Amino acid sequence: MKYRTLPRTDLQLSAIGFGCWAIGGKWWGDDVDDARSIAAIRAALDHGINWFDTAPLYGHGHAEELLAEALGSKRHDVIIASKVGVRWKEQLNDHAFSDLSPDHIIEDCECILRRLRIDTIPLLQVHWPCECDTPLEATLEALMALREGGKIRHFGLCNYASRPLTQALAYAPELACLQTPYSMLRREFEFALRDTVAPAGEQTLGVLAYETLCRGLLTGKFGPAPRFPSTDLRHSDDRFREPLLSRAQPLISALRVVGSKLNVPPAALAIAWVLRQPGVSVAIVGAKRPEQVADNVRALELLGREKVWQALAPHIDRTRV
Ligand SMILES: NC(=O)c1ccc[n+]([C@@H]2O[C@H](COP(=O)([O-])OP(=O)(O)OC[C@H]3O[C@@H](n4cnc5c(N)ncnc54)[C@H](OP(=O)(O)O)[C@@H]3O)[C@@H](O)[C@H]2O)c1
C-alpha cells in the first residue's frame, strides 16, 4: 500500500480507502451480506487500507455498527471518516435531506460516536451542502466546537462547489478535505474545483475522490443491458441505461483489453487513473466482498506505467457520458 498525507494535517491515509455505503445494506441490491462485508473490511486491513469512509445514512446506522464490529479493537487505530448533516424520513420512502443546523450536527456526531464505539472521530465531514437556511459559518462553527471539545480530530466537506468551498476555507482554514465524485466517466472535478484545491498545481486541500468505479460500471463486469433489482440504486441510474451506457462501452472495452494484456482487472486501471490525476489525494472505493478489495488494490501496481496511460488516454478523453 502507498500512503498520502492530507495537506496541513496529520492524516496519513492509504491511497485507497474503503467505502462503506454498499455494506450498509440499503440501496445496493439483495446480495449484501454482513458476514461477507466483515470479511471485506478485514481484507482491506490486510491489504494495508487504513481508512474507512462511512455515514449515518449508509444503512441508517448499520454501516457504522458493522464497521465497528469488523474492526474490533483496531477501530481505535484506523482512520474512520464519517459524515453529518443528513436526515431521512422513513414514512416518505426514506427521503433524505440535509440539515446542517448546529443542534443536528452535534446530535448526529454523538450518535456516530455511540455506533462506532469510539471517543473521537478522526475525520467528520458534512455530507451534503445545506438545503435549508443554516449559514455556512454556523455549520463550520459547530464543527469547530466539536473539535475543541475533543469529539472529532478533523473536519471536511463533501459535494461542495468551488465558491462555497472557497468561502469555507476563508472562514475555517483548518478545513482538512473535500470529498467529491471523480472517475474516468465523471470529470466535473477538473473544472473550477481542481484550481480551488490545488492552485497553480500546489495541493493546498486534501481531496478524497469517490465513485471512482462509477458504481461498478468501470469494472467491466456488466453486459450490454445490465438488470438490477429495484432495491439497487443502479436500477434508476441513467449511466446503466441507454443512451449513456453505449457511450461508455468503447472505454470499458479498452479497459478490458488493456487489463487482460497486463493481467490486472479493469477496476484497478480505473482506480489508478483517478489516483494519478492532479488535485486528487486519495480514492474511496466501495466493496461488498474480499475478492473485490483484492482486485482494487492492484491499482497501486499501475501508477507509474506511463506507456499504459499513453495508450489509454485517447479512449478516456473521447468518452463523455
Ligand atoms: N460523500 C458522498 O456524498 C458520497 C457519495 C457516494 C459515495 N461516497 C463514498 O464513496 C464510496 C465509493 O462510492 P460508491 O460505493 O458509490 O461507488 P464505487 O466505489 O464506484 O463502486 C462500488 C461498487 O462497485 C462494485 N465493485 C467494487 N469493486 C469491484 C470489483 N473489483 N469488481 C467488481 N465489482 C466491484 C461493488 O458493487 P456490486 O458488487 O454490487 O457491483 C461496490 O459496491 C461509498 O461507499 C461511500 O463511502 C460518498
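About the cut-offs
Residues numbered from 1 in each chain as written. Predicted model: local features only at pLDDT ≥ 70, side-chain atom pairs only at ≥ 80, totals over all residues. Heavy atoms only, no water. Axes fitted to C-alpha atoms, helices over the stretch in contact; angles between N-to-C directions. Helix = DSSP H or I, 4+ residues; strand = E, 2+ residues; numbered from the N terminus. Contact = heavy atoms within 4.5 Å. Nonpolar A, V, L, I, M, F, W, Y, C, P; charged D, E, K, R; others polar. 1 Å grid on protein atoms, 1.4 Å probe; cavity = no way out; pocket = protein on both sides within 12 Å on 5 of 7 lines; lining within 4 Å. Points joined across faces, edges and corners; volume = space filled by probe spheres on them. Near = heavy atom within 4 Å. Polar contact = N/O pair within 3.5 Å; in protein donor to acceptor, adjacent residues only side chain to side chain. Areas by Shrake-Rupley, 256 points an atom, 1.4 Å probe, with all protein chains shown as cover. Salt bridge = Lys/Arg side-chain N within 4 Å of Asp/Glu carboxyl O. Buried < 20%, exposed > 50% of the residue type's maximum accessible area, 1.4 Å probe, protein only. Phe/Tyr/Trp six-rings, centres within 6.5 Å; stacked < 30°, edge-to-face > 60°. Lys NZ or Arg CZ within 6 Å of the ring centre and 35° of its normal. UniProt positions renumbered as here; feature names shortened; annotations may be inferred. Core = buried A, V, L, I, M, F, W, Y, C linked by side-chain atoms within 4.5 Å.

1. Examining the packing of helix H2 (residues 62–71) against helix H3 (residues 102–116)
Here is step 1: Axis separation between H2 and H3 bottoms out at 8 Å; the angle between their running directions is 35 degrees. Here H2 contributes Glu-64, Glu-65, Leu-67 and Ala-68 to the contact with H3, which in turn contributes Ile-112, Arg-115 and Leu-116.
Here is step 2: Along the lines of polarity and charge, the residues of the contact of H2 with H3 split into four nonpolar, no polar and three charged.

2. Quick look at the layout of surface pockets
Here is step 1: Computed from the structure, the largest pocket encloses a volume of approximately 990 Å³.
Here is step 2: What lines the largest pocket is a set of 46 residues, and nearest its centre among them are Trp-21, Ala-22, Trp-28, Arg-215 and Gly-286.
Here is step 3: Listed by contribution, the elements that provide at least two residues to the lining of the largest pocket are strand S12 (282–286) and helix H9 (290–296).
Here is step 4: A class-by-class count of the residues in the lining of the largest pocket yields 20 nonpolar, eleven polar and 15 charged.
Here is step 5: Of the volumes computed, that of the second largest pocket is approximately 170 Å³.
Here is step 6: Considering the residues around the second largest pocket, the lining is formed by Asn-159, Tyr-160, Ala-161, Ser-162, Thr-180, Pro-181, Arg-186, Glu-188, Phe-189, Ala-192, Leu-193 and Tyr-210.
Here is step 7: Elements with a minimum of two residues in the lining of the second largest pocket: strand S10 (177–181) and helix H6 (192–197).

3. Things to note about the environment of Ala-270
Here is step 1: Positionally, Ala-270 belongs in helix H8 (residues 266–276).
Here is step 2: In the structure, Ala-270 is positioned 51 residues away from Thr-219 in sequence and 7.7 Å away in space, judged by C-alpha atoms.
Here is step 3: Ignoring anything within four residues of it in the chain, the contact list for Ala-270 reads Met-184, Thr-212, Leu-213 and Leu-218.

4. Focus on the site of the ligand
Here is step 1: Near the ligand, the surroundings consist of 30 residues, among which Asp-53, Asn-159, Lys-221, Arg-234 and Lys-288 are the closest.
Here is step 2: Between the ligand and the protein, one listed contact pairs an oxygen atom with a side-chain N or O atom of Lys-288 at 2.6 Å.
Here is step 3: Within the side chain of Gln-292, a nitrogen or oxygen atom sits 2.9 Å from an oxygen atom of the ligand.
Here is step 4: In isolation the ligand has 890 Å² of accessible area, and contact with the protein removes 95% of it.

5. Describing the pattern of salt bridges
Here is step 1: If you walk through the whole model with that rule in mind, you get 21 salt bridges.
Here is step 2: Between Arg-147 and Glu-174 there is a salt bridge, with the nearest N and O atoms lying 3.5 Å from each other. A residue pair is termed long-range when its members are at least 10 positions apart, and Arg-147 in helix H4 (residues 136–148) and Glu-174 in the loop between helix H5 (162–171) and S10 qualify at 27 residues.
Here is step 3: The class for Arg-147 is partly exposed, based on a relative accessible area of 30%.
Here is step 4: Across the pair Arg-241 and Asp-238 runs a salt bridge whose closest N-O atoms are separated by 2.8 Å.
Here is step 5: Among the residues examined, Arg-241 registers a relative accessible area of 37% and is labelled partly exposed.
Here is step 6: The class of Asp-238 is partly exposed, set by a relative accessible area of 46%.
Here is step 7: Three or more residues joined by partner-sharing salt bridges are found here, namely Arg-186, Glu-188, Glu-211, Arg-215, Asp-237 and Arg-239.

6. A few points about the packing of aromatic side chains
Here is step 1: Under the defined criterion, the tally for this structure stands at eight aromatic pairs.
Here is step 2: Measuring from ring centre to ring centre gives 5.3 Å for Phe-228 and Phe-240, while their planes differ by 90 degrees; the resulting arrangement is edge-to-face. With a gap of twelve residues between them, Phe-228 in the loop between strand S11 (206–210) and helix H7 (244–262) and Phe-240 in the loop between S11 and H7 connect regions that are remote in the sequence.
Here is step 3: Classification of Phe-228 by relative accessible area gives buried; the value is 13%.
Here is step 4: Linked through ring pairs, Trp-21, Trp-28 and Tyr-58 together constitute an aromatic cluster.
Here is step 5: The ring of Trp-27 is capped by Lys-26, whose NZ or CZ atom sits 5.7 Å from the centre of that ring.
Here is step 6: One residue, Lys-89, lies across the ring of Phe-97, its end atom 5.2 Å from the ring centre.

7. Let's talk about the UniProt feature "domain: NADP-dependent oxidoreductase" (unreviewed entry) in the chain
Here is step 1: Sites flagged by UniProt as "domain: NADP-dependent oxidoreductase" (unreviewed entry) map to residues 15–312.
Here is step 2: Note that residues 15–312 is 37% helix and 16% strand, and that its end C-alpha atoms are spaced 21 Å apart.

8. A few points about the nonpolar core
Here is step 1: Residues Phe-18, Phe-52 and Leu-143 are the most contacted members of the largest nonpolar core, which totals 99 residues.
Here is step 2: The greatest single-element share of this core, amounting to nine residues, is contributed by H8.
Here is step 3: In this structure, Leu-143 is in contact with Val-84, Ile-105, Leu-124, Val-126, Ile-152 and Phe-155, ignoring residues within four places of it in sequence.
Here is step 4: Counting 13 residues, the second-largest nonpolar core is a separate cluster that includes Leu-11, Trp-51, Leu-208 and Val-282.

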